[in-house]
Amino acid sequence: MRKNHGDPNVPAPEKRFECEVCHKRFQYNFLLKQHQIHHTGEKPFECSICQQRFGDKSNLREHQIVHTTERPFVCEICGKAFKSKQVLKSHELHHSSEKPYLCGFCGKGYSRLSDCKVHERHHTGIKPYECGTCGKAFQNSSHLKRHKKTHGTLSMPMHHGT
């Protein structure tokens, strides 16, 4: 049977295999089996480098890029390249004129909630990232990371809330 590709005159393929948990239906049994892993929490696919486990082989393949210098996901607007599709999608918000997250203090708009929260720290003075070596605190983790270079260490930042 042909796929309908949105053509109302072509019947949709029959989906005979049903998930007993959520009743979603699938055309092929192997697709049902792949889907059922989401309900069991099983993670049969393991990264051979860091041993992190995944429920889906495609998620494992995407993860393995972090262990390489490869950056296959490229922003069509500015050409910047990223290791994951997720990070690219987050980056693309910078190019958007839509800014749904507004600062509760001055009303400035942001396309990402995380950027808005970092900005609001300028108003509150909250500095949740503290240097474990000297105790100096920073409003965001990248400033702490830059500071740690002055100590010759890049250990993980201590995070004290938002």
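Residues numbered from 1 in each chain as written. Predicted model: local features only at pLDDT ≥ 70, side-chain atom pairs only at ≥ 80, totals over all residues. Heavy atoms only, no water.

Draft legend 1. Main features of the overall build of the protein chain. Broken down by element type, the protein chain carries five helices and 11 strands. When burial is assessed residue by residue, the protein chain has 20% of its 162 residues classed as buried. In the protein chain, once contacts between residues fewer than 6 apart in sequence are set aside, the share between residues at least 24 apart is 7%. Carbon and sulfur atoms form 51% of the exposed surface of the protein chain, whose accessible area is close to 11,800 Å². (Helix = DSSP H or I, 4+ residues; strand = E, 2+ residues; numbered from the N terminus. Buried < 20%, exposed > 50% of the residue type's maximum accessible area, 1.4 Å probe, protein only. Contact = heavy atoms within 4.5 Å. Areas by Shrake-Rupley, 256 points an atom, 1.4 Å probe, with all protein chains shown as cover.)

Draft legend 2. The packing of aromatic side chains, seen in detail. Inspection of the entire model under this criterion finds one aromatic pair. A ring pair is formed by Tyr 28 and Phe 30, whose centres lie 5.9 Å apart and whose planes are at 25°; its orientation type is stacked. We classify Tyr 28 as partly exposed; its relative accessible area is 42%. Owing to a relative accessible area of 51%, Phe 30 belongs among the exposed residues under this scheme. (Phe/Tyr/Trp six-rings, centres within 6.5 Å; stacked < 30°, edge-to-face > 60°.)

Draft legend 3. Molecular detail of the confidence of the model for the protein chain. Across the protein chain, the average pLDDT comes to 85, with 89% of residues at 70 or higher. Looking at the elements of the protein chain, mean pLDDT is at its lowest for strand β11 (residues 158-159), recorded as 51, and at its highest for strand β5 (residues 73-74), recorded as 93. (pLDDT = per-residue confidence, 0-100.)

Draft legend 4. Molecular detail of the side chain of His 147. Tracing the sequence through the fold places His 147 in helix α5 (residues 141-148). Apart from residues no more than four positions distant in its own chain, His 147 is found in contact with Cys 131, Cys 134, Lys 136 and Phe 138.

Draft legend 5. Spatial organisation of helix α4 (residues 113-124). The end-to-end C-alpha separation of α4 is 16 Å, in line with the 16 Å expected for 12 residues at 1.5 Å each. Of all the positions in α4, only Cys 116, His 119 and Arg 121 are classed as buried. At the C-terminal side of α4, Gly 125 shows a positive phi close to 80°. (Expected span 1.5 Å × (residues − 1).)

Draft legend 6. Inspection of unusual backbone geometry at higher detail. Despite not being glycine, His 23 shows a phi value in the positive range, around 70°. Counting through the fold element by element, His 23 comes out in the loop between β1 (17-18) and β2 (25-26). Here Gln 51, not a glycine, exhibits a phi torsion of approximately 65°, which is positive. Tracing the chain through its elements places Gln 51 in the loop between β3 (45-46) and β4 (53-54).

Draft legend 7. Layout of the environment of Ile 37. As for its position among the elements, Ile 37 is in helix α1 (residues 29-40). Of the residues examined, Ile 37 reaches a relative accessible area of 17% and is grouped as buried. When near neighbours in sequence (up to four residues on either side) are disregarded, Ile 37 contacts Glu 42, Pro 44 and Gly 55.

Draft legend 8. Main features of the pattern of salt bridges. The full count for this structure, using the stated rule, is four salt bridges. In this structure, Glu 18 and Arg 25 form a salt bridge, with 2.4 Å as the shortest nitrogen-oxygen distance. Among the residues examined, Arg 25 registers a relative accessible area of 38% and is labelled partly exposed. Asp 115 is the partner of Arg 112 in a salt bridge, and the nearest nitrogen-oxygen pair spans 3.0 Å. (Salt bridge = Lys/Arg side-chain N within 4 Å of Asp/Glu carboxyl O.)

Draft legend 9. View of the side chain of Arg 121. Mapped onto the elements, Arg 121 comes out in helix α4. A distance of 2.5 Å separates a polar atom in the side chain of Arg 121 from the backbone oxygen of Gln 139. (Polar contact = N/O pair within 3.5 Å; in protein donor to acceptor, adjacent residues only side chain to side chain.)

Draft legend 10. How the structure looks around the environment of Gly 125. Along the polypeptide, Gly 125 turns up in the loop between α4 and β9 (129-130). Judged by its relative accessible area of 41%, Gly 125 is partly exposed. Sequence-wise, Gly 125 and Phe 138 are 13 residues apart; in three dimensions their C-alpha atoms are separated by 9.4 Å.

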